[in-house]
Amino acid sequence: MTQKTPELEHLLAGYRRFRETGWNRRLDRWRALNEGQEPRVMVIACSDSRVDPAQIFDVDPGEIFVVRNVAAMVPPFETAPGHHGVSAALEFAVQVLKVKEVMVMGHGMCGGCKAALTQSLKGTAPGDGGFVTDWIALLDDVREEVVRTHGTKGREAEQAMELAGVRQSIANLRTFPFVQRKEHDGELQLRGAFFSISDGLLHVLDKQTGEFAPAV
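The rules behind these values
Residues numbered from 1 in each chain as written. Predicted model: local features only at pLDDT ≥ 70, side-chain atom pairs only at ≥ 80, totals over all residues. Heavy atoms only, no water. Phe/Tyr/Trp six-rings, centres within 6.5 Å; stacked < 30°, edge-to-face > 60°. Buried < 20%, exposed > 50% of the residue type's maximum accessible area, 1.4 Å probe, protein only. Helix = DSSP H or I, 4+ residues; strand = E, 2+ residues; numbered from the N terminus. Contact = heavy atoms within 4.5 Å. Disulfide = S-S within 2.5 Å. Expected span 1.5 Å × (residues − 1). Bend = angle between axes of the 7 residues up to and from the residue. Salt bridge = Lys/Arg side-chain N within 4 Å of Asp/Glu carboxyl O. 1 Å grid on protein atoms, 1.4 Å probe; cavity = no way out; pocket = protein on both sides within 12 Å on 5 of 7 lines; lining within 4 Å. Points joined across faces, edges and corners; volume = space filled by probe spheres on them. Nonpolar A, V, L, I, M, F, W, Y, C, P; charged D, E, K, R; others polar. Pairing = 2+ DSSP bridges.

Peer 1: So what exactly am I meant to see when it comes to the packing of aromatic side chains here?
Peer 2: By convention here, two paired aromatic rings are described through the distance between centres and the angle between planes. Taken as a whole, this structure holds 6 aromatic pairs when the rule is applied. Judged by centre distance (5.1 Å) and plane angle (35 degrees), the ring pair of W23 and W30 falls under tilted. W23 gets classed as partly exposed once you look at its relative accessible area, which sits at 26%. Relative to F176, the ring of F77 lies with its centre 5.5 Å away and its plane at 75 degrees, an arrangement referred to as edge-to-face. With F77 in the loop between β2 (64-69) and α4 (85-96) and F176 in the loop between α8 (155-173) and α9 (177-184), the pair connects residues that are 99 residues apart, well separated along the chain. Through successive ring pairs, a cluster of aromatic residues spans F18, W23 and W30.

Now the structure itself:
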């Protein structure tokens, strides 16, 4: 018999609401999705529980293909042995689903970016922070400039790190040959975005200026 906990009960209550409002009232939509998915956008976002892309963009099921990880990072293209989860999802979205846009969305108050900035988990063993440390080492190169300009403490430095993380992930996207090719041919657009938890505003990276501006 399944042991019921308050956490499980909370999830099941939400599931029951979904069956009433998200499933039964939208059977046509779900029947169409049963035949396959055709999202036009891939969103790479943080695992943070406060920044759900489907909620922020108010999209229906099947509209966006989402990958979430600590700090919304994209690793550079590499073929070394290992489990390349983000790379596999990117390959599937771009090559199989043929999405038209890939958006990297960072956010305010990001714990992963703060750990990268402060190096607070450096030297920890796997299971005690070591896995996180290895992952956010993807930010080491951009961290140097942030620290040189803003230091390692305070909200200004933290936000600079969060924005730098988005830019770095976009740069890493362009190391994938199939992304390079499709972007060059005009078949794929790469976007950067930043969601501010404090005021709920979305900022989009301007390709010309390299700066983030509020979405309109």
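Peer 1: Which parts of the structure should I look at to understand the environment of G130?
Peer 2: With respect to the helices, strands and loops of the structure, G130 is situated in helix α6 (residues 130-136). When near neighbours in sequence (up to four residues on either side) are disregarded, G130 contacts T124 and A125.

Peer 1: When you look at the state of the cysteines in this model, what are you seeing that I'm missing?
Peer 2: Disulfides are covalent bonds that link the sulfur atoms of two cysteine residues. If you walk through the whole model with that rule in mind, you get 0 disulfides. Free cysteine: C46, not disulfide-bonded; nearest cysteine sulfur from C110 at 4.2 Å. On the accessibility criterion, C46 (6% relative accessible area) is buried. Cysteine C113 remains unbridged, with the sulfur of C110 as its closest cysteine sulfur at 3.8 Å.

Peer 1: Even after reading the chapter, I still don't get helix α1 (residues 6-23), so can you show me in this structure?
Peer 2: Each turn of an α-helix holds 3.6 residues, which means side chains three or four residues apart point in the same direction. Relative to the 26 Å expected for 18 residues at 1.5 Å per residue, α1 spans 24 Å between its end C-alpha atoms, a close match to the ideal helical length. Maximum bend of α1: about 30 degrees, positioned at R17.

Peer 1: Please explain the pattern of salt bridges as it appears in this structure.
Peer 2: Considering all chains together, one arrives at 12 salt bridges under this definition. With a closest N to O distance of 3.8 Å, E158 and K114 form a salt bridge. Placement of the pair is E158 in helix α8 and K114 in helix α5 (residues 111-118), with a sequence separation of 44 residues. A relative accessible area of 43% means that K114 is categorised as partly exposed.

Peer 1: Explain empty space enclosed by the protein to me, please; I cannot follow it from the model alone.
Peer 2: Space left empty within the atom packing is revealed by a probe, the size of a water molecule, rolled over the atoms. Counted by the stated rule, this structure contains 1 cavity of 30 Å³ or more. When its volume is computed, the largest cavity comes out at roughly 40 Å³. Every residue lining the largest cavity is listed: A71, G106, H107, C110, C113, E162, G165 and V166. Elements that contribute at least two residues to the lining of the largest cavity include exactly β3 (101-107) and α8. Split into classes, the residues belonging to the lining of the largest cavity amount to 4 nonpolar, 3 polar and 1 charged.

Peer 1: Would you take a moment to explain the pairing of strand β1 (residues 41-46) for this structure?
Peer 2: Each regular strand displays side chains that alternate between the two surfaces of the sheet. Here β1 lies mainly inside the structure; 5 of its 6 residues are buried. Judged from the 5 bridges that link them, β1 and β3 form a sheet pairing that is parallel. Within β3, the residue paired with M42 across the bridge is V102.

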